Amino acid sequence: MLALLLSSLLAPLVAGQAAGTYQTETHPKMTWKQCSGTGGTNCQTVNGEVVVDANWRWLHVTGDYTNCYTGNKWNETACPNNDKCSQNCVLEGADYSGTYGATAGSDALTLKFVTQGSYSTNIGSRLYLMKDSSSYQMFNLIGNEFTFDVDVSQLPCGLNGALYFVAMDSKGQGTAGAKYGTGYCDGQCPRDLKFINGKANVEGWKPSSNDQNAGVGNRGSCCTEMDIWEANSVSQALTPHSCDSAGFQECTGDACGGTYSATRYAGPCDPNGCDFNPYRLGVTDFYGKGKTVDTSQPFTVVTQFVGSGSSLSEIKRFYVQDGKTIAQPEPKVSGITGNSITQAWCDAQNKAFQEDVYPFNDHGGMASVAKGLQRGMVLVMSLWDDHYANMLWLDSNYPTDADPSKPGVARGDCATTSGEPSQVESQSPNAQVKYYNIKFGPIGSTFKQ
Ligand SMILES: *[C@@H]1O[C@H](CO)[C@@H](O)[C@H](O)[C@H]1NC(C)=O
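Read on for a plain summary of the structure.

Each value, and the rule that gives it
Residue indices follow the written sequence of each chain, beginning from 1 at its first position. Only residues with pLDDT of at least 70 get local features here, since the model is predicted, and only at 80 or more are side-chain atom pairs given and counted; chain-wide, interface and lining totals rely on the full set of residues. The basis for every side-chain value is the complete set of heavy atoms in the structure, and neither hydrogens nor water enter the calculation. Points on a 1 Å grid, built from protein atoms alone, make a cavity when a 1.4 Å probe fits but cannot get out and make a pocket when they are open with protein on both sides within 12 Å along at least 5 of 7 lines; residues with an atom within 4 Å of a point are the lining residues. Grid points are joined across faces, edges and corners, and a volume is the space filled by probe spheres set on the points. Only Asp, Glu, Lys and Arg are considered charged in this grouping, and only Ala, Val, Leu, Ile, Met, Phe, Trp, Tyr, Cys and Pro are considered nonpolar; every other residue, Gly among them, is considered polar. Cysteine sulfurs are considered disulfide-paired once they come within 2.5 Å of each other. A run of H or I in DSSP counts as a helix once it spans at least four residues, and a run of E counts as a strand once it spans at least two, with each numbered from the N terminus. In this description, strands pair whenever DSSP reports at least two bridges between them. Here the term buried applies to any residue with accessible area under 20% of the maximum for its type, exposed to any over 50%, and partly exposed to those in between, with areas from a 1.4 Å probe on protein chains only. A cutoff of 4 Å decides nearness: a residue is near a molecule or strand if any of its heavy atoms lies inside that distance of it. Whenever two N or O atoms come within 3.5 Å, that pair is a polar contact, provided that in protein one can donate a hydrogen and the other can accept it, and provided that, for residues adjacent in sequence, both atoms are side-chain atoms. Here the open area of atoms and residues is found with the Shrake-Rupley method and a 1.4 Å probe, where only the protein chains shown may cover a residue. Stacked, edge-to-face and tilted are the three classes for Phe, Tyr and Trp ring pairs, Trp counted by its six-membered ring, which pair at centre distances within 6.5 Å; planes under 30 degrees apart are stacked, over 60 edge-to-face, the rest tilted.

Structural notes on empty space enclosed by the protein
Applying the stated criterion across every chain, the model contains two cavities of 30 Å³ or more. Taken as a whole, the largest cavity encloses approximately 110 Å³ of empty space. Around the largest cavity, the lining comprises 16 residues; the ones closest to its centre are Q17, D53, A54, N55 and F195. Across the lining of the largest cavity, the residue classes tally to seven nonpolar, six polar and three charged.

Brief notes about the state of the cysteines
Covalently bonding the sulfur atom of one cysteine to the sulfur atom of another cysteine gives a disulfide. Counted according to the given criterion, the structure contains nine disulfides. In this model C157 forms its disulfide with C414; the gap between the sulfur atoms is 2.1 Å. Measuring the twist about the S-S bond at about -90°, one finds the C157-C414 disulfide to be left-handed. Residue C157 is located in the loop between β15 (144-151) and β16 (159-166), and its partner C414 is located in the loop between α6 (392-395) and α7 (421-427); the two are separated by 257 residues in the primary sequence. Residue C189 pairs covalently with C222 via a disulfide, S to S 2.2 Å. Residues C189 and C222 share a disulfide whose torsion about the S-S bond is about 120°; that sign makes it right-handed. Here C189 is found in the loop between β16 and β17 (195-196), whereas its partner C222 is found in strand β21 (residues 219-222), with 33 residues between them in sequence.

Digging into the sheet that holds strand β4 (residues 59-61)
Working definition: the strands of a sheet are paired by backbone hydrogen bonds and lie parallel or antiparallel to each other. One open sheet accounts for three strands, arranged β1-β7-β4; its pairing is mixed. Bordering the open sheet on either side are β1 (18-19) and β4, each of which pairs with just one other strand. Two strands pair when backbone bridges link them, and β4 and strand β7 (residues 89-91) are joined in this way by three bridges, in the antiparallel orientation. Bridging across to β7, H60 finds its partner in V90.

Some thoughts on the pairing of strand β23 (residues 236-241)
Summarising burial for β23: six of the six residues are buried, a large majority. Here β23 shows a buried face lined by Q236, L238 and P240 and a second buried face lined by A237, T239 and H241. In this sheet, β23 lies alongside strand β22 (residues 225-231) in antiparallel orientation, the contact comprising five bridges. By the bridge assignment for β23, M226 is matched with P240. Between β22 and β23, which follow one another and run antiparallel, lie four residues.

Overview of the site of the ligand
Looking at the ligand, the residues that line it are T66, N75, T77 and A78. Contact distances for the ligand include 2.3 Å between an oxygen atom and a side-chain N or O atom of N75. Protein coverage of the free-state accessible area of the ligand, which is 360 Å², stands at 42%. Here the shell around the ligand is composed, by residue class, of one nonpolar, three polar and no charged.

Observations regarding the packing of aromatic side chains
In this structure the tally under the stated criterion is 26 aromatic pairs. For the pair F146 and F148, a centre-to-centre distance of 6.2 Å together with 50° between the ring planes defines the contact as tilted. This pair shows no difference in class: F146 is buried, exactly as F148 is. Their ring planes at 15° and their centres at 5.0 Å tell us that F276 and W345 sit as a pair that is stacked. Note that F276 is positioned in the loop between β24 (249-252) and β25 (287-288) and W345 in helix α3 (residues 343-353), a separation of 69 residues in sequence. You'll find F276 and W345 in the same group, each marked buried.

See below:
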């Protein structure tokens with residue numbers, strides 16, 4: 001009786017993605033600024049910290065150095081199914097610079113692409129901004145402005161230095177919680193996560209054919225995604241993705257849709273987005289090395305979310321470089337006018353690019369993005385290469401077999417043969433991105449227009 005009682009009391013503690021005890025988890029500190037007033041003159045420093053996502057961490061058997069997951073395969077003894085695996089395996093603390101190539105210093109975060117560690121080679125990373133050691137910093141973007149400086153000069157074709165927001169839960173998931181970077185979700189309903197909602201994703205797992213570290217499980221993790229910045233030194237995009245429900249929603253198999261499913265448009269989220277990429281909109285001389293926004297030097301990126309309450313009317317963008325404010329350019333594609341994203345602008349893009357599907361509107365468009373934003377979102381900073389489409393959707397002609405003169409096909413100067421991960425990893429291991437000087441506050445409070 002006592003044993004039964006004890007085991008039922010203890011069960012919730014051991015089940016569900018717990019943390020191990022071999023390496024203390026110490027989050028790198030990173031400050032940012034909360035602004036009020038106008039013109040960036042009244043900003044208070046906030047002491048934050050960052051955490052690396054759980055998927056990058058060492059996962060091993062409790063009280064034992066045996067791996068639960070190695071390369072792109074699970075240990076079938078420790079992980080015969082989702083429930084057993086969740087009970088048997090724990091997540092470890094991280095060596096941020098040594099293993100993951102992530103270093104924070106005062107108000108900056110630098111992410112290196114390839115890091116040769118003592119046990120393995122790490123490729124890219126994904127980190128979240130935290131409020132304290134066990135909860136993510138939540139941002140309510142509507143009516144506010146998010147500003148940061150970025151150095152993309154060391155990011156070649158095929159890489160994506162992404163700064164964005166997703167509607168994750170502030171406490172993360174499982175017993176390990178936000179402290180160990182759990183709870184990720186986004187508009188692709190990712191199925192490459194080893195754990196979702198505190199439970200392993202081993203059932204149905206298929207190791208990737210071209211990624212030594214990744215695979216795809218049967219479960220996926222969906223939520224609204226607001227891509228403030230997906231970029232390298234050649235191209236960049238500002239992209240909201242809509243979802244049927246604002247916060248975390250689990251999905252199963254190909255019904256997840258997105259990048260990881262055979263049926264891209266079958267899921268509850270919009271995997272494509274309503275993207276504002278100046279090059280794709282015909283303004284090919286705007287962004288890049290030596291162009292109007294010169295990517296050989298750092299610059300400031302300002303994004304304004306015009307609206308109030310649960311209503312988001314417009315997403316506006318400015319850049320600041322060498323003390324000069326630069327507006328987002330006017331599109332040069334026939335049928336699309338306006339240099340900011342609105343529902344009408346997305347409708348015009350849908351028509352002008354004549355795409356077969358426009359999932360952004362199928363999942364509620366700007367109105368559903370607004371619901372995600374109003375819920376509160378977590379800031380993600382990442383660096384990645386693309387094992388599915390070589391990042392050509394961002395920086396080259398895509399689809400690669402389409403006529404590049406057709407509106408919407410050309411997205412950047414990169415060759416259609418570029419961006420192949422094994423090539424990018426061997427040719428540009430030292431690529432890196434630096435995000436810094438983050439400021440947040442009501443519209444007009446973070447910079448002088
Ligand atoms: C798998 O895990 C078991 C313990 O659950 C361990 O005995 C075995 O050595 C592991 N196998 C590998 C290949 O790591």
